[in-house]
Amino acid sequence: MGRRLLLSLGAVVALSGCTAVDAVQVTDQAHRGVECADCHTGPRADAEMASAPTEGCTASGCHEDRGPGQAEIREVSFEHRDHGGDSVAVVSGCAGCHTHAEGGAPLQVSMASCSLCHISDAAKGNAAECRLCHTAPEQVTRTSQEVAIPHREVPWIDGGCVRCHYDVSPVAVQVSILSCATCHQDPDSVASESAGTDPHPDHTGVACTSCHQEQTHRIERMSTAVVLQCGDCHADVHGVEPTPAWPGTSTCNACHARVHAPEQALLLGMVAQVPGSSPSAKFLDGLSCRSCHVPPASHDPTESVDGSEAGCVGCHRTEYGQVLEWWRDGAQARITPVRRALDRAETRLEGNAAARPRLDSATVALTAVEEGNPVHNLSLAHGLLERAQTQISQAYRDAGTGAPAPVELGPRPSIGLCTYCHYLPDDPWVFQEMSGDFHREALRRDVR
């Protein structure tokens, strides 16, 4: 997996300004009563430049078992005891990660140390590499439009973290000669003498970040499907032409809160209260909002950019320009009778407590389709209409009355099947209108 420590230089850290003869005590509860000299016993203690070797931590009466087997920093879980083992080029020791600032503050662990060691993994950004550290992401983050993304429930996370985390920064492994000057009186001679050699064995028991710059691995950019860029579609609003720096999505959201949130939720498969939703296949294939929302040459900058056939034929053959209309008309032909059926059920079952939960569930599913625009995720939209139908029928049964016949929704639009494009309920499917070569190409492209 390319797990290697890319630490290019180390130096003795001046931890807390303590020396081997200081009587100052570390102030965190776990180390109360432990003097600095009990830990900082490095080979240069006589020069008041003591390091903190691992042997001091694992001494009798201290962390003899080398600490807990598992540990967690923020949302990252990892094996702690003998971390790295024989799989890394450089073993930093306990002090490589566990440090304390000047003044005897409690021991802390910086994520910058993790980044330095796992830079090769962090730079790749695919799901397998990310899971080396982020074994079970638990955080619930929110998109730019306040759509909740509970990572534990994200059904497509194994497909690649970079689908959302579009640009994940690698950490620059840098060491300045000024870092050496912190401990060495003549850093130039130290650098020249150690040129071409690995200095790490001579600098055990010190913090990685005492030499290497603290640059934490982080997300630089998110997919526009997750973090909308208002200026992509709204080129001139309130007489202001947006720039990358201003006004920005957060500024627009101050007044236009949750605009496009339903579309975003449907695209990402994050429909609230509907478990098992799946994201759009187009999103998983790498499309962003601008892939489909393409401004025409005659675009008026004061008007927003709507999705059009131009977005389809920009990537597909011209025959695909018809498909968008089929999707829109086919979806509306299904939404209208389902909405009528739900409104009728609300009237007939009004005040029936037993039916209320099912009616509420049907409302959530149907509203997600109506507000989210089915073309953003046709397969999920169809599934939500089916769910609404099922909940309506169950509401009648829960109320102890007979349910009307459900609306005929037709077959699901499945990728690789005719129904994915031909979504009109009464489409006669006149194959002679398009060449056989077109259909063979379409199936070859779309089948997974």
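The preceding data block contains the structure.
Residues numbered from 1 in each chain as written. Predicted model: local features only at pLDDT ≥ 70, side-chain atom pairs only at ≥ 80, totals over all residues. Heavy atoms only, no water.

A look at the overall build of the protein
Here is step 1 of the chain: The secondary structure content of the protein amounts to 17 helices and eight strands.
Here is step 2 of the chain: Sequence-distant contacts in the protein: of pairs separated by 6 or more residues, those separated by 24 or more amount to 69%.
Here is step 3 of the chain: For the protein, the computed accessible surface area is about 24300 Å², with 53% contributed by carbon and sulfur atoms. (Helix = DSSP H or I, 4+ residues; strand = E, 2+ residues; numbered from the N terminus. Contact = heavy atoms within 4.5 Å. Areas by Shrake-Rupley, 256 points an atom, 1.4 Å probe, with all protein chains shown as cover.)

Things to note about the packing of aromatic side chains
Here is step 1 of the chain: Per the counting criterion, the structure on display carries one aromatic pair.
Here is step 2 of the chain: Between Trp327 and Tyr420, the aromatic rings sit 5.4 Å apart at their centres with planes inclined by 75 degrees, giving edge-to-face as the arrangement. Of this pair, Trp327 sits in helix α14 (residues 323-348) while Tyr420 sits in the loop between α16 (378-398) and α17 (436-446), placing them 93 residues apart in sequence.
Here is step 3 of the chain: Overall, Trp327 belongs to the buried group, its relative accessible area being 11%.
Here is step 4 of the chain: Since its relative accessible area comes to 9%, Tyr420 is described here as buried.
Here is step 5 of the chain: Over the aromatic face of Tyr423 sits the side chain of Arg334, whose NZ or CZ is 3.8 Å from the ring centroid. (Phe/Tyr/Trp six-rings, centres within 6.5 Å; stacked < 30°, edge-to-face > 60°. Buried < 20%, exposed > 50% of the residue type's maximum accessible area, 1.4 Å probe, protein only. Lys NZ or Arg CZ within 6 Å of the ring centre and 35° of its normal.)

Side note on the environment of Arg334
Here is step 1 of the chain: As for its position among the elements, Arg334 is in helix α14.
Here is step 2 of the chain: Assessed through its relative accessible area of 5%, Arg334 is described here as buried.
Here is step 3 of the chain: Remark: the alpha-carbon pair of Arg334 and Val407, spanning 73 residues in sequence, is separated by 8.1 Å.
Here is step 4 of the chain: When sequence neighbours within four positions are dropped, the list of residues in contact with Arg334 reads His382, Leu385, Leu409, Tyr423, Leu424 and Pro425.

What about the packing of helix α15 (residues 356-372) against α16?
When two helices pack together, you describe them by how their axes are tilted relative to each other and by the distance separating the axes.
Here is step 1 of the chain: Put simply, α15 and α16 touch, their axes get as near as 8 Å, and they point 160 degrees apart. The angle between α15 and α16 places the two elements in the roughly antiparallel class. Crossing geometry of α15 relative to α16 is assigned as left-handed. Across from Arg358, Leu359, Ser361, Ala362, Ala365, Leu366, Ala368 and Val369 in α15, the residues of α16 making contact are Ala381, Leu384, Leu385, Arg387, Ala388, Gln391, Ile392, Gln394, Ala395 and Asp398.
Here is step 2 of the chain: For the contact of α15 with α16, the class distribution of residues is 12 nonpolar, three polar and three charged. (Axes fitted to C-alpha atoms, helices over the stretch in contact; angles between N-to-C directions. Parallel < 35°, antiparallel > 145°, perpendicular 65-115°, else oblique. Left-handed = near helix turned anticlockwise from the far one by under 90°. Nonpolar A, V, L, I, M, F, W, Y, C, P; charged D, E, K, R; others polar.)

Some details on the packing of α14 against α15
Here is step 1 of the chain: Where α14 contacts α15, the two axes come as close as 11 Å, and the packing angle between them is 155 degrees. The angle between α14 and α15 places the two elements in the roughly antiparallel class. In this structure, α14 meets α15 at a crossing whose hand is left-handed. On α15, the residues touching Ile335, Val338, Arg339, Leu342, Ala345 and Glu346 of α14 are Arg356, Leu359, Ala362, Thr363, Leu366, Thr367, Val369 and Glu370.
Here is step 2 of the chain: Class assignment for the residues of the contact of α14 with α15 results in eight nonpolar, two polar and four charged.

Observations regarding the environment of Asp65
Here is step 1 of the chain: With respect to the helices and strands, the residue Asp65 is situated in the loop between α2 (54-57) and β1 (70-73).
Here is step 2 of the chain: Taking C-alpha positions, Asp65 is 8.0 Å from Arg81, a pair spaced 16 residues apart along the chain.

Notes on unusual backbone geometry
Excluding glycine, most residues fall at negative phi; most peptide bonds, likewise, are trans.
Here is step 1 of the chain: The phi dihedral of Arg258 falls on the positive side, at around 60 degrees, and the residue is not glycine.
Here is step 2 of the chain: With respect to the element layout, Arg258 can be found in the loop between α9 (248-253) and α10 (261-268).
Here is step 3 of the chain: Positive phi outside glycine occurs at Asn373, with the angle close to 65 degrees.
Here is step 4 of the chain: Among the structural elements, Asn373 can be located in the loop between α15 and α16.

Some points on the side chain of Ser223
Here is step 1 of the chain: Turning to its location among the elements, Ser223 is positioned in the loop between β8 (219-221) and α8 (230-233).
Here is step 2 of the chain: Sequence-distant contacts of Ser223, defined by excluding residues within four places in its chain, comprise Arg163, Cys164, Tyr166 and Phe283.

Re the nonpolar core
Here is step 1 of the chain: In this structure, Val271, Leu359, Leu366, Leu384, Leu385 and Ile392 are the most contacted members of the largest nonpolar core, which totals 25 residues.
Here is step 2 of the chain: For this core, the elements supplying multiple residues, two or more each, are α14, α15 and α16.
Here is step 3 of the chain: The biggest single contributor to this core is α16, with eight residues.
Here is step 4 of the chain: Not counting residues up to four positions away in its chain, the partners in contact with Leu385 are Arg334, Ile335, Val338, Leu366, Val369 and Leu409.
Here is step 5 of the chain: Among the nonpolar cores identified, the runner-up in size contains 12 residues, and Val154, Cys164, Ala225 and Met270 belong to it. (Core = buried A, V, L, I, M, F, W, Y, C linked by side-chain atoms within 4.5 Å.)

Side note on the pattern of salt bridges
Side-chain pairs of opposite charge can arise whenever the charged atoms involved come near each other.
Here is step 1 of the chain: Under the counting rule described, the total for this entry stands at nine salt bridges.
Here is step 2 of the chain: Put simply, Glu370 and Arg339 hold a salt bridge, and the shortest N to O gap is 2.8 Å. Highlighted residues: Glu370 in helix α15 and Arg339 in helix α14, separated in sequence by 31 residues.
Here is step 3 of the chain: When its relative accessible area of 24% is taken as the criterion, Arg339 is described as partly exposed.
Here is step 4 of the chain: What emerges from the salt-bridge pattern is a single network uniting Arg339, Asp343 and Glu370. (Salt bridge = Lys/Arg side-chain N within 4 Å of Asp/Glu carboxyl O.)

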